[in-house]
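Listed below, chain by chain, are the residues.
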Amino acid sequence: MADDLDDEWWLNEKKTSVSIKTEKVTKAEVKKKFANLDTEKKLNGKGKKVKPTITSEAIHPSGPIKEIKKKKRKLSLERKDVTSETKQLSSTMQEIKNKKRKLNLEGKDLITRKLVCKDAKREQITKQKSESEGVATMDGKQNKNNKSGKEKKRQRKKITDESDETLSKPGTAEDVKIMLTKALKDRLGAEAFYDILPDTENDYYPDNCDLLEPDKYLSSVLTTWRSAVKKSIFMKTTGSPCLLIVASSAIRAVELNRQIKGFLDGKCKVAKLFAKHMKVEEQKKFLSKTNCQVGIGTPGRILMLIKQGALQLESLIAVVLDWNWRDSKMKRMADIPEVRQDLVSLLKDYVLETVRGSSCKLALL
């Protein structure tokens, strides 16, 4: 056995075991030395233990600790300033709110005072009125001196207050003269006004004293109607009728157109010269193309067409005013302010010039 293995085999075993132990020791020492370098204790030359020194750079790499503390102090001071400013602002806002509340309360007080004053004034006025109404004169009339300085408006006379006899009276040439004098005397003056007025005897057809129907009245007055119609048809003049009837409204004009059919011949053409039926442009085209013998309309539309040159008054025989007709309110043509104004301007500017010194005359239907 000794020959096969070696003579000193037991010595080799000891060496290997020792080498293994030494290797184990060296690994443990290395672990102890390099495991925790930050917590490792360093010894001084004298043998005393020394605590590890912590530098400011290790804690904060951007600068030292003192600078950081200064910055913190500055920030705290700035925050204190901001808080003080916010407190001041809040105090000022509260003051402003308080002032607004005071102003609102003062305004409300003023409004209440005004309302109270108004109520007091009203009470005084009502008391004065009651006292003035209670006090009467010896004749039974109310005392007018106790009024509050205001005069009563003049009460206008209403048409319904008039008697039936006055309402049923037919109109005359004098009525037209009175209307024109009221409207034009102050504007034109006495001399110019009297030159414009037509003659009541020569420039008017006989009045409709019997209140005849329109067709019968026209047939009794216009004796030369057929010859005038023949002449207008022969001349073929457009936009110049022989008969012009002026009504107060469009509805009345339509009624007159129906009532006149017995007087007119079948050859006569009628021009409807009022609103709510045809537009102004359509009426212009109709007058420019057709040879009409009769024109029925309202004063405003007739005046407009004459001014624009669509309607001419050269071949007129008669201008008939629907004077005696009354509406639902018992008003005539001269009683309606708008219609009266247009009628006065139509007569003054155009109709009276054609009537003066010609065969054309006025008639009151």
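Below: a short report on this structure.

Scoring rules and cut-offs
- Residues numbered from 1 in each chain as written.
- Predicted model: local features only at pLDDT ≥ 70, side-chain atom pairs only at ≥ 80, totals over all residues.
- Heavy atoms only, no water.
- Helix = DSSP H or I, 4+ residues; strand = E, 2+ residues; numbered from the N terminus.
- Buried < 20%, exposed > 50% of the residue type's maximum accessible area, 1.4 Å probe, protein only.
- Areas by Shrake-Rupley, 256 points an atom, 1.4 Å probe, with all protein chains shown as cover.
- Disulfide = S-S within 2.5 Å.
- Axes fitted to C-alpha atoms, helices over the stretch in contact; angles between N-to-C directions.
- Parallel < 35°, antiparallel > 145°, perpendicular 65-115°, else oblique.
- Left-handed = near helix turned anticlockwise from the far one by under 90°.
- Contact = heavy atoms within 4.5 Å.
- Nonpolar A, V, L, I, M, F, W, Y, C, P; charged D, E, K, R; others polar.
- Salt bridge = Lys/Arg side-chain N within 4 Å of Asp/Glu carboxyl O.
- Pairing = 2+ DSSP bridges.
- Phe/Tyr/Trp six-rings, centres within 6.5 Å; stacked < 30°, edge-to-face > 60°.
- Lys NZ or Arg CZ within 6 Å of the ring centre and 35° of its normal.
- Right-handed = clockwise from strand over helix to strand, strands pointing away.
- Expected span 1.5 Å × (residues − 1).
- Polar contact = N/O pair within 3.5 Å; in protein donor to acceptor, adjacent residues only side chain to side chain.
- Arc of directions from axis to C-beta.

Considerations on the overall build of the protein
And then number 1: Check the secondary structure of the protein and you find 13 helices and seven strands.
And then number 2: For the protein, the residues scored as buried account for 27% of the 365 residues in total.
And then number 3: In the structure as shown, the protein presents an accessible area of about 27900 Å², 53% of it carried by carbon and sulfur atoms.

Side note on the state of the cysteines
And then number 1: This structure, assessed with the given rule, holds zero disulfides.
And then number 2: Not engaged in a disulfide, the cysteine Cys242 finds its nearest cysteine sulfur in Cys268; these two sulfurs lie 8.1 Å apart.
And then number 3: On the accessibility criterion, Cys242 (3% relative accessible area) is buried.
And then number 4: Classification of Cys268 by relative accessible area gives buried; the value is 12%.

Observations concerning the packing of helix H6 (residues 173–188) against helix H13 (residues 337–355)
And then number 1: Taken N-terminus to C-terminus, the directions of H6 and H13 make an angle of 70 degrees; their axes are 10 Å apart at the nearest point. Considering their axes alone, H6 and H13 lie roughly perpendicular with respect to each other. In this structure, H6 meets H13 at a crossing whose hand is right-handed. Every residue of H13 that contacts H6 at Met179, Leu180, Ala183, Leu184 and Leu188 is listed here: Arg340, Leu343, Val344, Leu347 and Lys348.
And then number 2: Among the residues forming the contact of H6 with H13, the class breakdown is eight nonpolar, no polar and two charged.

Notes on the pattern of salt bridges
And then number 1: Evaluated as defined, the whole model comprises five salt bridges.
And then number 2: A salt bridge links Asp322 to Arg252, with the nearest nitrogen and oxygen atoms 2.6 Å apart. One end of the pair, Asp322, is in the loop between strand S6 (318–321) and H13; the other, Arg252, is in helix H10 (residues 250–259), and 70 residues separate them in sequence. Each member of the pair, Asp322 as well as Arg252, is classed as buried.

Side note on the sheet that holds strand S3 (residues 243–246)
And then number 1: An order of S4-S5-S3-S6-S7 is seen for the five strands of this open sheet, with the pairing classed as parallel. Each edge of the open sheet is held by one strand with a lone partner, namely strand S4 (270–273) and strand S7 (361–364). Neighbour to neighbour, the strand axes of the sheet diverge by 20 degrees on average, direction disregarded.
And then number 2: Bridging between S4 and strand S5 (residues 294–297) involves four bridges; their strand directions are parallel. Within S5, the position partnered with Leu273 by the bridge is Gly297.

Here we look at the environment of Leu256
And then number 1: With respect to the element layout, Leu256 can be found in helix H10.
And then number 2: By relative accessible area, Leu256 is classed as buried at 0%.
And then number 3: In the structure, Leu256 is positioned 66 residues away from Asp322 in sequence and 9.2 Å away in space, judged by C-alpha atoms.
And then number 4: In this view, Leu256 contacts Pro214, Ile245, Ala247, Asp322 and Leu365; residues no more than four positions away in its chain are not counted.

Remarks on the packing of helix H11 (residues 280–289) against helix H12 (residues 299–307)
And then number 1: Interhelical geometry of H11 versus H12 gives an angle of 60 degrees and a closest axis separation of 11 Å. When the interaxial angle is binned, H11 and H12 end up oblique. Note on packing geometry: the crossing formed by H11 with H12 is right-handed. Residues Val280, Gln283, Lys284 and Leu287 of H11 pack against Arg301, Met304 and Leu305 of H12.

Concerning the packing of aromatic side chains
And then number 1: What the rule picks out here adds up to one aromatic pair.
And then number 2: Lying over the aromatic face of Tyr205, Lys361 brings its terminal NZ or CZ to 5.6 Å of the ring centre.

Quick word on the pairing of S7
And then number 1: Relative to S7, S6 runs parallel, the two sharing four bridges. Paired with Val320 across the two strands is Ala363, which belongs to S7.
And then number 2: As for the winding sense of the linkage, the β-α-β connection from S6 through H13 to S7 is right-handed.

Things to note about H6
And then number 1: An ideal rise of 1.5 Å per residue puts 22 Å on 16 residues; H6 measures up with 21 Å between its terminal C-alpha atoms.
And then number 2: Following H6 by one or two positions, Gly189 has its phi on the positive side, about 95 degrees.

Re the side chain of Arg332
And then number 1: Turning to its location among the elements, Arg332 is positioned in the loop between S6 and H13.
And then number 2: On the accessibility criterion, Arg332 (16% relative accessible area) is buried.
And then number 3: Non-local contacts of Arg332, meaning those with residues more than four positions away in its chain, are made with Asp175, Trp323, Trp325 and Arg326.

Description of the environment of Asn291
And then number 1: Relative to the helices and strands, Asn291 resides in the loop between H11 and S5.
And then number 2: When the C-alpha positions of Asn291 and Lys269 are compared, they lie 7.3 Å apart, and in sequence the two are 22 residues distant.
And then number 3: Here Ser232 takes part through its backbone oxygen, which lies 2.8 Å from a polar atom of the side chain of Asn291.

Observations regarding H11
And then number 1: For H11, the full list of buried residues reads Val280, Gln283 and Leu287. One side of H11 holds all its buried residues, which, seen down the axis, span an arc of 60 degrees. For H11, exposure combined with an orientation more than 90 degrees from the buried face picks out Glu281, Lys285 and Lys289.
And then number 2: For H11, the elements touching its buried residues are S4 and H12.

As far as function goes, none of this settles anything; it's purely spatial.
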